[in-house]
Amino acid sequence: MSEQHQKSWFGRNWLWFIPLTGCLGFILLIVLGVGAAFFGVSKIMTSSTPVEYAIEQASKNELVIENLGEPIEKYGIPSGNISLTNDDGNVDFSIPIRGNKGEGTLVVRGIKVDGKWIYEDLYVHIKETKEEINLLEKEKVLETI
């Protein structure tokens, strides 16, 4: 009686197993890198001074509270851009917000000159009524950081 020695699973399949796991690992690395970059940029945008100022103004406005309810919170992904160079820059984006009564979009447009933000547009677009609520007070257009 002769004994046959059979190779292990890896010994029989290594020719396709190693390239496949290498390719899958590379694809996974790319997906995780893109995801980390996306969430990093999103975090930078949502924690910037103009966003914090805009959310604060929306949370204090009686018409916004009447239409959306309380508390006003941001949700979803902001769209637009923010560009900063030393003490200058610009911002132009919209942030989805909601309260316990409804949803809206907070629109922020402005420029930063010598370290001070000058807001050109700051308003909430109410989703249900299509109303736009201006959050800029004429006396308080400048905000220092």
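Residues numbered from 1 in each chain as written. Predicted model: local features only at pLDDT ≥ 70, side-chain atom pairs only at ≥ 80, totals over all residues. Heavy atoms only, no water.

J.: Go over the overall build of the chain, please, and point to the residues and values.
T.: Within the chain one finds 3 helices and 7 strands. Going residue by residue from the N terminus, the α and β elements of the chain occur as α-α-α-β-β-β-β-β-β-β. Here the chain holds 145 residues, and 30% of them are scored as buried. Across the chain, the fraction of contacts at a sequence separation of at least 24, relative to all contacts at a separation of at least 6, is 48%. (Helix = DSSP H or I, 4+ residues; strand = E, 2+ residues; numbered from the N terminus. Buried < 20%, exposed > 50% of the residue type's maximum accessible area, 1.4 Å probe, protein only. Contact = heavy atoms within 4.5 Å.)

J.: I'd like a description of the nonpolar core, backed by residues and values.
T.: Val64, Ile97, Leu106, Val108, Leu122, Val124 and Leu135 are the most contacted members of the largest nonpolar core, which has 22 residues in total. Secondary-structure elements contributing two or more residues to this core are α2 (49-60), α3 (62-68), β3 (88-98), β4 (103-113) and β5 (116-126). Setting aside chain neighbours within four positions, we find Val108 in contact with Pro50, Ala54, Val91, Asp92, Phe93, Ile95, Tyr119, Asp121 and Leu122. (Core = buried A, V, L, I, M, F, W, Y, C linked by side-chain atoms within 4.5 Å.)

J.: How would you summarise the pairing of β5 if you had to cite specific residues and measurements?
T.: The pairing of β4 with β5 spans 10 bridges and is antiparallel. Counted as the bridge partner of Arg109 is Asp121 from β5. Hairpin geometry of β4 and β5 is characterised by an intervening segment of 2 residues between the two adjacent antiparallel strands and by a positive phi of about 50 degrees at Asp114. Pairing analysis gives 3 bridges linking β5 to strand β6 (residues 132-134), with the strands arranged antiparallel. The residue bridging Val124 from the neighbouring strand is Ile133, located in β6. Remark: 5 residues form the turn of the hairpin made by β5 and β6, two consecutive strands paired antiparallel; Lys130 in that turn has positive phi of roughly 65 degrees. (Pairing = 2+ DSSP bridges.)

J.: Let's hear about unusual backbone geometry: which residues, and what values?
T.: In the segment running from Glu70 into Pro71, the intervening peptide bond is cis, with an omega of -5 degrees. Here Pro71 shows up in the loop between α3 and β1 (73-74). Notably, Asp114 is not glycine yet its phi reads approximately 50 degrees, a positive angle. Locating Asp114 in the fold gives a position in the loop between β4 and β5. Look at Asp114 and you get exposed, because its relative accessible area is 63%. The backbone of Lys130 shows a phi angle near 65 degrees, a positive value even though the residue is not glycine. With respect to the secondary-structure elements, Lys130 resides in the loop between β5 and β6. Overall, Lys130 belongs to the exposed group, its relative accessible area being 58%.

J.: Lay out the confidence of the model for the chain in plain terms, naming residues and giving numbers.
T.: Put simply, the chain has an average pLDDT of 82, and 86% of its residues get 70 or more. Element-level pLDDT for the chain is lowest in strand β7 (residues 142-144), with a mean of 46, against a maximum mean of 91 in β4. Scored below 50 in pLDDT, residues 139-145 shows 18 contacts in the model against residues more than four places distant or in partner chains. (pLDDT = per-residue confidence, 0-100.)

J.: Summarise the packing of aromatic side chains; cite the residues concerned and give the values.
T.: Counted under the stated rule, the structure contains 6 aromatic pairs. Measuring from centroid to centroid gives 6.3 Å for Trp117 and Tyr119, while their planes differ by 20 degrees, and the two rings are stacked. No difference in accessibility class separates Trp117 from Tyr119, as the two residues are buried. A connected cluster of aromatic rings, assembled from ring pairs, spans Trp9, Phe10, Trp16 and Phe17. The ring of Tyr75 carries the charged tip of Arg98 above its face, separated from the ring centre by 4.4 Å. (Phe/Tyr/Trp six-rings, centres within 6.5 Å; stacked < 30°, edge-to-face > 60°. Lys NZ or Arg CZ within 6 Å of the ring centre and 35° of its normal.)

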